[in-house]
Every structure is written in structure tokens, then in C-alpha cells.
Amino acid sequence: MSPDLPPVLAERLPALRSAAQAEPLGLYLHIPFCLDRCTYCSFATTRDRELQPATVRRLISQVRAWGEALGSPRVDTLYLGGGTPSLLTPAELTELTAAVREAFDLSPLREATFEANPGTVDLAWLQQARGLGWDRVSLGVQALDDGLLGRLGRIHGEAQALEALDLAGRAGFRRRSADLMVGIPGQSLAKVVEDARVLAATGIDHLSIYLLDLDKACPLRADIDAGRLSLPSEDEVADVFEALQEVLPRLGLAPYEISNYARPGAESIHNTRYWERRPYLGLGPSAASQLGAFRWTESAVIPAWADGRGALDLQELDAAEILAETPLLGLRLHRGVAWGALRSEADARHLQPLCDGWEARLHDLAKEGLVVWEGDQVRLSPRGMLLSNGILQMFV
Ligand code: SF4
């Protein structure tokens, strides 16, 4: 039994190892530090940088422990997320990357992404990351308007966001993605479309567009509850997404998932694995993993995680839950789900009635124009994408 794995997972190691050996994994590493806290954020992050050395040390030791426990499995996508991974010191980034290379088999690696905050990157840091083998950068731009960025508590302005995209290009990153946010109080439809146009013109190959999602406890929620700010209506938000679905393909960025647009061949391979329900290992506070029938989330309490005391939330999915995840996640993709393969899997697991029930409802939704059947392939229509939250409830 590996001494550095949580006991509840060490007990299940044979099953986890066999899932990890069956096909290449995605490896996600969470860096839970930020210079300041955005007013809408509900991620597991802290401004307490004094915790950084111990947290990174533990992350490196977890990389080694898991690589050894799973038998140095193949990894085909890497993702350094946060928080703000661009706050790693050059020495920390070098050591962490080296630990990953030693502990895992990266021979099938197809993509190595890190997230960066435009307020924290400089050319030297980006060049170093590129030199270590990271080949894709995802920048949290959120909006190109200093007033809106200030409202979100972002540490950067519009000019810095555009400069960071430029620096990433100069550092040799051909794969550059930006995040844009919809639903910020005071943001107009025309402004979102204009920002998307400006970002597309920078030559990025990927754009993620997220709806502002407010946790109960965040400061922006308090401003809204107190009536100091107001959110756009659902109809206004739907209009923005509809307009973007029309405008972005003309700018070369085609939708491939509910919130994601890419130039042909530049879809995020790591994120697509989540929607295809392919295996991944996540390390760091709050990181999630899925190997075989097991899914777990690590403690979000950063000091507890750093000294190995954090509680783990582990779930073992049954056959019906695993089957349901294929359409639940796969219908987020514009190409949809191969229903014939799903039906065969349902037959093999004696879950035909469950599959038949979904199929009937998807045919009903097709009559309402929300779902499209093309032979045995089923997908959501553009209007279905706008109403996906309700539609996908049938698989929960
Ligand atoms: S940069 Fe991202 S993770 Fe950090 S506080 Fe802002 S939203 Fe949260």
C-alpha cells in the first residue's frame, strides 16, 4: 500500500490501476493561489501565498506517489489549472513539470495547457513555460472593459489582457485560448459581441464563453441581493448566446461544446475528455478524479490538503449512473452522442428500459426542435443548447 495515498483510495488501488492502464489519462494539477480574490469567485483558492511552498511540495510528492501507485500510466493531456498557475515561481514550475515527466509516461502527450491570469504573466515566465513543454495557454480575459473588470474584482484591465495574449504568441504558444464572461451586471449584448470580435482578431484559436455563476457567499452576490447591482434577465443572456452562435463561426471560431468555440482542430483535448467521460486524475486542493467506476474530489481546505489531512469525497458509480453520464456529458458537445453505441452498452448491462425511456423523450424533444437525430447520432439543436440545463436533467 502506498503510504502517501489517502487510505480509502489505497484500498482500491488494484481497480484504480487497471483503469489507469486501460487507456491514456488526463492529468489535472490545481494551483490554489491568487493575487486577489475576484468578487464572483467560488473556487478553492487563497491569497495566502505563505501556504504556496508547502502546497507545491505536497503537490510534487502526490505526483510522484500517484505515478508510482498507478504504475507510471500513460498521460495524453496535462492541465495546470487554478487559482492562478502563473503565480508559480520559475523554480516551482520547473520542479513540478520534471516530477510529472518522471512519474508518468508522457510519450502519448497531445496537449499541455496552463491557465494564466493576464495580471500575472510576463514574457520570461511564458518563455520558460513554453521551454518546459507546455504548449497551450488559457487566459482569463473575462471582458474587455476596465469598468466591468473592476466590478468583477479582476487584477487586470483590458490593455493588460490583450498584451498577455500578445506575449503568449511571442513566447511561442500557437495554442492560445481566452475566457469571456456573459451576464456581468452592466454588460450589454453589443459589448460581448464586440469583445468576442476583438479577441478573435488577436488570432486566438479557442474561446470559452461562460455565464457568470454566482455562489451564495461571494461579494458580487451580496451587491445583487442588496439591490446595488442587477443581473441581466434570462432572455437577455439567451440573446447574447444566440448572437455569439451566429457571429463566432464567421470569425473562424466554430462552436463545439455549449460554452466553447475553436478553430478547426484546435478544440481543447483535455476538456473534451470530460465530456467524453474519459479517465482523469486530478491532484491538488478540490481537484476531481475519475478512474473506472470511482470518482473523488480532494479536500478544498488548502492548509489541510497541504499537510495531507484533508477529507476526501469518494463515490462509486453503479452501471446505470455510468451509462447516464454518456448522454449527460456528451450532449454538451455539438457533435452529440452515438446513440447506437449507447444502446449496445445498455443491452450489455441489462439497462434497456432506462435507455428506451431517454430515447422516447429525446424523440419528443426532436418534435419541439430542441434535439436533432441524424441516423443513430443525436445532438441538441442550437435552441436545445440554450435550454440544455433543463433537457439534461433527464439523465441526472
Ligand atoms: S483569478 Fe480565478 S480563481 Fe482566482 S479569484 Fe479570480 S476567479 Fe477565482
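By the naming in an unreviewed UniProt entry, the protein chain goes by Heme chaperone HemW and is assigned to Geothrix oryzae. Recorded in UniProt under Cofactor (unreviewed entry), the annotation for the protein chain is "[4Fe-4S] cluster". In UniProt, the protein chain has this text filed under Sequence similarities (unreviewed entry): "Belongs to the anaerobic coproporphyrinogen-III oxidase family. HemW subfamily."

K.L.:
An account of the domain arrangement of the protein chain is needed here, citing residue identities and associated values.
P.N.:
Each assigned domain of the protein chain is listed with its residue range as follows: domain 1 (7-275) and domain 2 (318-396). Centre-to-centre, using C-alpha coordinates, domain 1 lies 28 Å away from domain 2. Between domain 1 and domain 2, the residue contacts involve 12 residues of the former and 10 residues of the latter. Here domain 1 meets domain 2 over a buried area of about 1000 Å², counting both sides, of which 63% is carbon and sulfur. We note a salt bridge from arginine 332 to glutamate 257, for which the minimum N-O separation is 2.6 Å. Where domain 1 meets domain 2, there are 4 residue pairs in polar contact (both at pLDDT 80 or more). If you list the elements that add at least two residues to the side of domain 1 that touches domain 2, you get helix 10 (234-250), strand 7 (254-257) and helix 11 (269-275). Here the side of domain 1 that touches domain 2 gets 4 residues from one element, more than from any other, and that element is helix 10. By residue class, the composition of the side of domain 1 that touches domain 2 is 7 nonpolar, 3 polar and 2 charged.

K.L.:
Now, about the site of the ligand: what can you tell me, with residues and values included?
P.N.:
Near the ligand you find Cys34, Asp36, Arg37, Cys38, Tyr40, Cys41, Phe43, Thr45, Gly83, Asn117 and Arg154, and these make up its full shell. Of the residues belonging to the shell around the ligand, the class tally is 5 nonpolar, 3 polar and 3 charged.

K.L.:
Break down the sheet that holds strand 13 (residues 337-338) for me, citing the residues and quoting the values.
P.N.:
The 3 strands lie next to each other as 13-15-14, forming an open sheet whose pairing is antiparallel. Of all the strands in the sheet, the pair left with one neighbour each is strand 13 and strand 14 (371-374). On top of the sheet, helix 15 (residues 352-367) reaches strand 14 and strand 15 (377-380); it is set at about 110° to strand 14, its chief contact.

K.L.:
Lay out the UniProt feature "domain: Radical SAM core" (unreviewed entry) in the protein chain in plain terms, naming residues and giving numbers.
P.N.:
UniProt records the feature "domain: Radical SAM core" (unreviewed entry) at residues 19-254, using the numbering of this structure. Between the end C-alpha atoms of residues 19-254 the distance is 33 Å, and the span holds 43% helix and 18% strand.

K.L.:
Can you break down the pattern of salt bridges residue by residue, with the values?
P.N.:
Under the definition given, this model contains 23 salt bridges. Across the salt bridge formed by arginine 58 and aspartate 4, the nearest N and O atoms sit 3.3 Å from each other. Of this pair, arginine 58 sits in helix 3 (residues 52-69) while aspartate 4 sits in the segment before helix 1 (7-10), placing them 54 residues apart in sequence. Among the ionic pairs, arginine 295 bridges to glutamate 325, the shortest N-O distance being 2.7 Å. Of this pair, arginine 295 sits in strand 11 (residues 294-297) while glutamate 325 is found in helix 13 (residues 319-330), placing the two residues 30 residues apart along the sequence. For glutamate 325, a relative accessible area of 8% puts it in the buried group. Taken together, the salt bridges that share partners define one network made up of Glu23, Asp76, Arg273 and Arg278.

So, how was this worked out
Residues numbered from 1 in each chain as written. Predicted model: local features only at pLDDT ≥ 70, side-chain atom pairs only at ≥ 80, totals over all residues. Heavy atoms only, no water. UniProt positions renumbered as here; feature names shortened; annotations may be inferred. Domains from an automatic or database assignment. Contact = heavy atoms within 4.5 Å. Buried area = accessible area lost by both parts, 1.4 Å probe. Salt bridge = Lys/Arg side-chain N within 4 Å of Asp/Glu carboxyl O. Polar contact = N/O pair within 3.5 Å; in protein donor to acceptor, adjacent residues only side chain to side chain. Helix = DSSP H or I, 4+ residues; strand = E, 2+ residues; numbered from the N terminus. Nonpolar A, V, L, I, M, F, W, Y, C, P; charged D, E, K, R; others polar. Near = heavy atom within 4 Å. Pairing = 2+ DSSP bridges. Axes fitted to C-alpha atoms, helices over the stretch in contact; angles between N-to-C directions. Buried < 20%, exposed > 50% of the residue type's maximum accessible area, 1.4 Å probe, protein only.

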